[in-house]
Amino acid sequence: SSDGEESSASSPAAAASRGGPPPARDAQPRARELGGGLVGSRLSVWWEEDGASYSGTVRDYSEALETHLVCYDDGEQVQEYLDECRWELLPKAPARGSRRGEPAL
C-alpha cells in the first residue's frame with residue numbers, strides 16, 4: 001500500500017491488510033472494565049504472531065491479574081490480557097442438546 005504502513009509488520013494496519021482481525025484496540029470496550037461480565041461470552045481474539053483470529057469462550061476472570069481465561073474452540077486455555085489484544089464479541093452458541101430436543105445440562 002502507499003500509506004507507509006507496510007514497514008511495520010506488527011502495526012494494526014499491517015495486521016488488517018492480512019485480513020480478518022477484530023477492530024482496533026481503541027475501538028473496542030475495555031476488558032478490564034467489563035471484568036467478570038465477560039464470563040460466558042464468546043470471543044474472537046486476534047493472534048498477531050499467527051496472523052489469524054481464534055474463537056473461544058471466556059470461562060473465568062482474575063481480578064488480581066486483570067486477565068480472562070479464554071477456552072479456545074481447539075481446546076487450548078489461555079489467561080489473556082484482553083486489553084492488550086484485539087478481540088470482538090461473538091454471538092453465543094446454542095446450548096448443547098437444545099436443537100435435538102435433549103435437555104441442556
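Before reading on, note that the structure itself is shown above.
Residues numbered from 1 in each chain as written. Predicted model: local features only at pLDDT ≥ 70, side-chain atom pairs only at ≥ 80, totals over all residues. Heavy atoms only, no water.

Trainee: Pulling in residues and values, what's your account of the environment of R32?
Mentor: Following the sequence through the fold, R32 ends up in helix α2 (residues 31-34). Since its relative accessible area comes to 39%, R32 is described here as partly exposed. With 33 residues separating them in the primary sequence, R32 and L65 have C-alpha atoms 9.9 Å apart. In this structure the side chain of R32 is engaged in a polar contact, spanning 3.4 Å, whose partner is the side chain of E66. (Helix = DSSP H or I, 4+ residues; strand = E, 2+ residues; numbered from the N terminus. Buried < 20%, exposed > 50% of the residue type's maximum accessible area, 1.4 Å probe, protein only. Polar contact = N/O pair within 3.5 Å; in protein donor to acceptor, adjacent residues only side chain to side chain.)

Trainee: Tell me about the sheet that holds strand β5 (residues 86-90), and name the residues and values.
Mentor: The strand order across the open sheet formed by 5 strands is β4-β3-β2-β1-β5, and the pairing between neighbours is antiparallel. Strand pairing shows two members of the sheet lacking a second neighbour, β4 (77-80) and β5, which therefore form its edges. On average, each strand axis in the sheet is inclined to that of its neighbour by 40°, with strand direction left out of account. With 6 bridges connecting them, strand β1 (residues 42-47) and strand β2 (residues 52-62) associate as antiparallel partners. Within β2, the position partnered with R42 by the bridge is T57. (Pairing = 2+ DSSP bridges. Axes fitted to C-alpha atoms, helices over the stretch in contact; angles between N-to-C directions.)

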